[in-house]
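Observations on chain architecture
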Amino acid sequence: MTFRNDERSGIAILADDLTSAGDGAAPFRRAGHDARILLSAPAAVPQHTTGVSAVDLGSRVLDEEAATRRTWRAARLFADSGLLLKTVDSTLRGHVAAEVRAAWAGSRRRAVVIAPAFPAEGRVTVEGVQYVRGVPVHESDFARDPVHPVRCSDLTVLFPEAVLSQPDRAAELPELIGNGDLIVYSAAGDDDLDRLVAAVPRLDEVLWVGSPGLAAALARRCARAAGSATSVPAPARRPLIVVGSANPATRRQLAALHARADVQGITVSGDPATAVETLRGLTAPVLTLQTPEERRAPQTARALARSLAAVVQALTEEHTIDALIVTGGETAATVLQTLGATGIGLLDEPEPGVARGTLLGQLPLPVLIKAGGFGDDAMLLRLCHLIRHPLDPGEHA
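To keep things clear, this report deals only with the structure shown in the data block. Bear in mind the structure is a predicted one, so any value in this text is a computation, not a measurement. (Residues numbered from 1 in each chain as written. Predicted model: local features only at pLDDT ≥ 70, side-chain atom pairs only at ≥ 80, totals over all residues. Heavy atoms only, no water.)

Turning next to the overall build of the protein. Tallying secondary structure elements over the protein gives 12 helices and 18 strands in all. In terms of overall size, the protein behaves like a compact globule, its C-alpha atoms giving a radius of gyration of 20 Å where 397 residues would be expected to give roughly 21 Å. Each principal axis of the C-alpha atoms in the protein carries an extent, and together these give about 65 × 45 × 40 Å. Residue pairs in contact within the protein that sit at least 24 positions apart in sequence constitute 69% of those at least 6 positions apart. For the protein, the computed accessible surface area is about 15200 Å², with 51% contributed by carbon and sulfur atoms. (Helix = DSSP H or I, 4+ residues; strand = E, 2+ residues; numbered from the N terminus. Rg over C-alpha atoms; globule rule 2.2 N^0.38 Å. Contact = heavy atoms within 4.5 Å. Areas by Shrake-Rupley, 256 points an atom, 1.4 Å probe, with all protein chains shown as cover.)

Right, let's get into the pairing of strand β3 (residues 52-56). Extensive coverage of β3 is indicated by the burial of 5 of its 5 residues. Burial of β3 is two-sided: the residues Val 52, Ala 54 and Asp 56 facing one way and the residues Ser 53 and Val 55 facing the other way are all buried. Examined bridge by bridge, strand β1 (residues 11-15) and β3 share 5 bridges and lie parallel to one another. Counted as the bridge partner of Ile 13 is Ala 54 from β3. (Buried < 20%, exposed > 50% of the residue type's maximum accessible area, 1.4 Å probe, protein only. Pairing = 2+ DSSP bridges.)

Positive phi is not limited to glycine here, since Leu 92 has a value of about 65°. One can find Leu 92 in the loop between β4 (83-87) and α3 (96-107). For Leu 92, a relative accessible area of 7% puts it in the buried group. Its identity as a non-glycine residue notwithstanding, His 319 has a phi of 60°, on the positive side. Considering the arrangement of structural elements, one finds His 319 in the loop between α10 (298-317) and β15 (323-327). Accessibility expressed as a relative area gives 56% for His 319, which makes it exposed.

Two aromatic rings, taken as a pair, are described by how far apart their centres are and by the angle between their planes. This model, assessed by the stated rule, comprises 1 aromatic pair. Their ring planes at 65° and their centres at 5.3 Å tell us that Phe 118 and Phe 374 sit as a pair that is edge-to-face. Of this pair, Phe 118 sits in the loop between β5 (111-115) and β6 (123-126) while Phe 374 is found in the loop between β18 (366-370) and α12 (379-388), placing the two residues 256 residues apart along the sequence. Taking relative accessible area as the criterion, Phe 374 reaches 5% and is therefore assigned buried. (Phe/Tyr/Trp six-rings, centres within 6.5 Å; stacked < 30°, edge-to-face > 60°.)

Here we take up helix α7 (residues 212-221). Most of α7 is tucked away: 8 of the 10 residues are buried. Residues Pro 212, Gly 213, Leu 214, Ala 215, Ala 216, Ala 217, Leu 218 and Ala 219 constitute the buried set of α7. Lining the buried residues of α7 we find α1 (18-30), β4, β5, α6 (190-198) and β11 (206-210).

Next up on the list: the packing of helix α8 (residues 248-258) against α12. A pair of packed helices is characterised by two quantities: the angle between their axes and the separation of those axes. Between α8 and α12, the shortest axis-to-axis distance is 7 Å and the interhelical angle comes to 60°. By the angle between their directions, the pair α8 and α12 is classed as oblique. Contacts between α8 and α12 involve Thr 250, Gln 253, Leu 254, Ala 256 and Leu 257 from the former and Met 379, Leu 380, Leu 381 and Cys 384 from the latter. A per-class count over the contact of α8 with α12 returns 7 nonpolar, 2 polar and no charged. (Axes fitted to C-alpha atoms, helices over the stretch in contact; angles between N-to-C directions. Parallel < 35°, antiparallel > 145°, perpendicular 65-115°, else oblique. Nonpolar A, V, L, I, M, F, W, Y, C, P; charged D, E, K, R; others polar.)

All right, on to the sheet that holds β6 then. Picture the strands of a sheet paired through backbone hydrogen bonds; they go either parallel or antiparallel. Reading across from one edge, β6-β7-β8 is the order of the 3 strands in this open sheet, with antiparallel pairing throughout. Of all strands in the sheet, those bounded by a partner on one side alone are β6 and β8 (135-136). Sheet analysis places strand β7 (residues 129-132) next to β8, joined by 2 bridges and oriented antiparallel. The residue bridging Tyr 131 from the neighbouring strand is Pro 136, located in β8.

Bringing the environment of Leu 214 into the picture now. In this fold, Leu 214 is placed in helix α7. Leu 214 gets classed as buried once you look at its relative accessible area, which sits at 0%. Sequence spacing of Leu 214 and Asp 204 is 10 residues, and the spatial spacing of their C-alpha atoms is 15 Å. The contacts of Leu 214, once residues within four sequence positions are left out, are Leu 85, Ala 115, Ala 117, Leu 193, Leu 196, Val 197, Trp 208 and Val 209.

Let's shift gears to the packing of helix α2 (residues 64-77) against α3. Remark: α2 packs on α3, axes separated minimally by 7 Å, with the N-to-C direction vectors making an angle of 30°. With respect to their mutual orientation, α2 and α3 come out roughly parallel. The interaxial crossing formed by α2 with α3 has right-handed handedness. Each of Glu 64, Ala 67, Thr 68, Thr 71, Trp 72, Ala 75 and Arg 76 in α2 lies in contact with α3, whose residues at this interface are Ala 98, Glu 99, Ala 102, Ala 103, Ala 105, Gly 106 and Ser 107. Partitioned by chemical class, the residues of the contact of α2 with α3 number 7 nonpolar, 4 polar and 3 charged. (Left-handed = near helix turned anticlockwise from the far one by under 90°.)

This next bit is on the side chain of Ser 245. Along the polypeptide, Ser 245 turns up in the loop between β12 (239-243) and α8. Looking at Ser 245, its side chain comes within polar contact range of the main-chain nitrogen of Asn 247, at 3.1 Å. Other than its neighbours up to four places away in sequence, Ser 245 contacts Thr 250, Arg 251, Thr 327, Gly 328 and Gly 372. (Polar contact = N/O pair within 3.5 Å; in protein donor to acceptor, adjacent residues only side chain to side chain.)

Using the criterion set out here, one finds 24 salt bridges in the structure. For the salt bridge of Glu 65 with Arg 69, the shortest nitrogen-to-oxygen distance reads 3.2 Å. Residue Glu 65 and its partner Arg 69 are both found in helix α2; the two are separated by 4 residues, about one turn of the helix. Here Arg 69 falls in the partly exposed class, since its relative accessible area comes to 43%. The network of salt bridges with common partners includes Asp 16, Asp 17, Arg 60, Asp 89 and Arg 93. (Salt bridge = Lys/Arg side-chain N within 4 Å of Asp/Glu carboxyl O.)

Everything listed is a geometric property; what it means functionally is a separate question.
This is how it looks when you write it as structure tokens:
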């Protein structure tokens, strides 16, 4: 790979929530880089930073002005990184246009390439329009998200100044980058994203903007022989699956998990102390903790996330549980911060959009994090099996 600086300047990923930070960094870990997720931006970047630093800016839950300021400051902080990736949700939730412009200004990169496709999850970009399994995102379930409803699928509306590009015109990219353009790249497969990355001679001249699909393509371009050895965690004796996402995909996954006799769980809707007492009385080896299924207003969602976090804190302090699987970026951030974690040391990416690692901070707990809308109906079954049997690639809890 060709960087402006030597490799010690590292790779930085700026994300608007925790699951985006995780699934942005995980492909680089798989490609041989050391990688960590930070739950907030540091005051300063240590000299000679190596590996990957993926920062959860928590900007998706902020208003647009605050999100813009936070993103600009982080981009300025990591402006000297050899590779700078600004993640965006592959369904275009959040303050996409404002944050991209703020990151570009802060980073002072010559050009921006926006490629939000994530083909592994059926999320593709066609002539600048974002689709989820053939449906424009503003007509999909994500349009009904109570916290971040998607209103626009067309990136040329979000970015009127954009220049459109696509795989059969990838050879034009060096000229467009040289012109300092904001480029929206259409992609329907991972090979299209590989073609994009291969066409750019100097990765450090570009602010890269995308989802796990682009992160994986960049990681393949920047692959190393090996990173530092990371121990696979011991098998979990009693994991807890925490579900704060109301996304239908996650709720189907949870229903499949609850069909097993060795899984028990509860729904938190009020007093955390009552939930803790109920969970203490359950005997199954796998526990689940969920919010109500109905979609909620932002203030209610945040209150429920705090309730989940209080329950998890109590259970970890008394050693009732010894591993976590958490779905939903805002839920995960609230839970991990309540546990006193500063970040996650990444082990690997067991499935697309899933990050596995160990908490950094007071409690080195094994953890898997997953975005709410990712995965087939059996995904939580597989992740539960993985955390209980980390050396066994079987598919059942």
